[in-house]
Structure formats: C-alpha cells, structure tokens
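Observations on the model geometry
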Amino acid sequence: IYLSQNPVHSPDSLQSMAQALSDFHVFKDAIVNAEARRGKKGVKEDFFIPKLELLQSFGGTVERLGTLMQFLADMTEHLLITHCKHLFGRTNRRSTDFTEQCVRILNRQESMELFNLYALFYSLTTVNPALSWVSRVLPDEAHSVHGPRPVQNHFLKGILSGDAHTAFHLTSTPDFKALTPIAIETKYSLVNFNRTLSQFINQLSLLTGEHTCWDYKYRRFCAWNKFRLQLHSAFQPQVIMPSRVIQAYPPSDAFPLGNCDAVLINPKIPGTSDLVLPMFLSGPLLYVQFFHFVANPSDHPELAMWTVERTYTMDQHGRRCRCGGVISLTDVTHAVELIPEYGNKVDAKISSATCLESYDRFFLNSFADKESYHTFSTEFA
C-alpha cells in the first residue's frame, strides 16, 4: 500500500509494487498459521479484503491514469455517512424508494443552506463569512473547524547539518545546568560517559589538528533531555516535514531504565576554527550507544526489515558493557523505530517502558510511515 501511494511512479516503482504483492501471496499462509489474522469474532482464515483485491489492478491503473493519490476515497467515504447512513433514519426505511427520499431531503437541505448563505452575505456584519456559515449549518461541529497547524521551519533559525539536509532545535533553557561529567554519568546511569567524552576530544584533536588547554574534567555542562529533528520529504524535497522529538530521559519511576529513542547517524569530521574552543566542542554533543547491522531484508524476506544488534565492549576493569560514544548533534540523520526480537515467548516482566533496554537484537521498523519506508527502500537498498 505504501508503494502504491507514491506521489511519483516509474517503471522500477511499479515493478517493486508488483513484487511486494507477489511476496505477500507467498508468505500469507504463515500469517494464517500463526493466527495473526483476526477479526471481531476471532481468528480468520481468509484474506477477503477489498483493498487487497484492488492492489491487483493498481499497476495497470497507474500506467493508464497516473498516480493513485489523486483518487483518494476519504471524501466519498465520508459522504456515504453524511448523505446515506445519516439520512436513512429520516426515511420510511423502505428499500423501494430509499434513493428518491434521500435526494428529496438533500435538495431541501441545500435550499435552506443556500438561503442562509445568501442572508449571511446580505447582512455584511460578519468578519469571517465562511466560519459563520459553518456555525449555522453545523453548530455542533463549529468548534472543530480550523485550519491545519503550521509546520515550524527549523531550517531558518535552527542548527543545520553540514549538508543542510537536516535541522535541529534545542530549547534555550536546558533541563540541567552546570553538571560535571561525573554528575551526568550518575544521573543518566552511563557507566562510561566520562571515558567516551575523553576519547571524543582526543580523537577529534588528532583528526582536525585542533588542540586546546581547556580541560573538560573541571568544567560544567548543560544537559537536554530532548531535541527536535526536522527533514525534507523523501518524496518531495521542497516540502519540509513536521519535526520529530528525540528524547533521552534519565531513569525514573515510570521508566526505571531510562526513556531513549533510536536514531541513525553519519559521523563527519568537523572543520577547523579560530575560536577558543575547537570546532568540535563549539556545538551540542550527543551521547549514544551503538548498534550494528547483522542482517538485511533479503535475509528475512518474510519480514523485509533490517536487523540490528547492540554493540558491546570491555571496560578498563575487564567487564562487558555497552559500547557508547560521544558525537556531534548534527551527525544524526534520521529518527527510527526499533522492534525487539522477542523470541518464542515474551517475558511477563517486560513492559513497554523497559522492552528497548531489555533486549539486544531488534528489527529496524521500515513500515513506521511512508517517509521511512521510502527512505529505507531507496537509500539503504
């Protein structure tokens, strides 16, 4: 369905759509066997779904008439409710002349609404005729009539990535002020933050040639629990998408292991500057724990998702711990969703607040939305 809704199609995209439908028919028996196909009355053993039937003809329709987005059925489905189902209760409920009765009722409604609109324009005493007319025609729904919420453009005043494809936004007031590296390590339960910050500074000093006598051990830092990430549309680069909140909250009663989101990163070497601080310390930094890819979608065609696994290392005491690191905030490229690989049975103690911290292997959810699906099926193909 995601593929069929592309705003622009090519022979390759149509072939991908046909292949995806073919793959579904190959693996659909597994869905039935796992009793994952369910309805209101329990398990269903069929796939009598209208949209699935329509998928058979989407390819030919696109070739003849163009993209399917112009044929959205949202409006007609809503009109079926307002112009048929709601009217049924106002008729004598006889099937012989139901259609004729509905037409008469709609004609009368239209005449009254046109008269109300004429009276409204004739009075010329209203500031917004459209909203005033809506308040007369749909008084119970007038409060819900509003325009779309504007998308704030963080590309204008936010922090931009090196290629200007990603914008970031931090609030002017941090969540924590004047924390030492040890205090950050303690508050967020990060066993190796102090060491990874030191490694980040030493490595970037060698790579960029920028050195400083500034000692982070005796300095204090501000810390933010979240930031906003904004991208351009994968389908239409001129369109700016709504920003997404990326959060990294410390452990709490609600989230005993912390509440952190997953992102994709593309580390880059910053340039040099004449500032007192090196360039790589002049912007916001991000502490991350790394994953590595262990399987691609072709390894599990029934899932069609990438598989990632936590990266572990040995600390200075010879203990196994998660591999973490400090990167520049602008190295983040995408927000992603991870689905734990639960195995045959889920531990009863696992909850939505702890599942991401309780497993080591995850599926990278490329079906979270159409933008994510397009990104993972093109840039990661």
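This is a predicted model, so every value here is computed, not measured.

What counts, and at which threshold
- Residues numbered from 1 in each chain as written.
- Predicted model: local features only at pLDDT ≥ 70, side-chain atom pairs only at ≥ 80, totals over all residues.
- Heavy atoms only, no water.
- Buried < 20%, exposed > 50% of the residue type's maximum accessible area, 1.4 Å probe, protein only.
- Helix = DSSP H or I, 4+ residues; strand = E, 2+ residues; numbered from the N terminus.
- Pairing = 2+ DSSP bridges.
- Axes fitted to C-alpha atoms, helices over the stretch in contact; angles between N-to-C directions.
- pLDDT = per-residue confidence, 0-100.

Let's talk about unusual backbone geometry
Unlike most non-glycine residues, Arg93 shows phi in positive territory, near 65°. Relative accessible area serves as the criterion here: at 54%, Arg93 is assigned to the exposed category. At Ala304, a position not held by glycine, the phi torsion is positive, near 55°. Along the chain, Ala304 falls in the loop between β12 (291-295) and β13 (306-310). According to the relative accessible area criterion, Ala304 is partly exposed, its value standing at 32%.

Observations regarding the sheet that holds strand β9 (residues 259-260)
An order of β3-β4-β7-β8-β9 is seen for the five strands of this open sheet, with the pairing classed as antiparallel. Each edge of the sheet is formed by a strand with only one pairing partner; in this case those strands are β3 (159-160) and β9. Inspection of the sheet shows strand β8 (residues 244-249) paired to β9 by two bridges, in the antiparallel sense. In the sheet register, Ala248 faces β9, and the bridge partner there is Cys260.

What about the sheet that holds strand β19 (residues 361-364)?
If you trace the four strands from one edge of the open sheet to the other, you get β12-β13-β19-β18, paired in antiparallel fashion. Because the sheet does not close on itself, it has two edges, and the strands there are β12 and β18 (338-340). Direction aside, neighbouring strands of the sheet carry axes that sit 40° apart on average.

Examining the confidence of the model for the chain
Averaged over all residues, the pLDDT of the chain is 82; the fraction at 70 or higher stands at 85%. Of all the helices and strands in the chain, helix α5 (residues 129-137) carries the lowest mean pLDDT, 62, while strand β7 (residues 226-231) carries the highest, 95.

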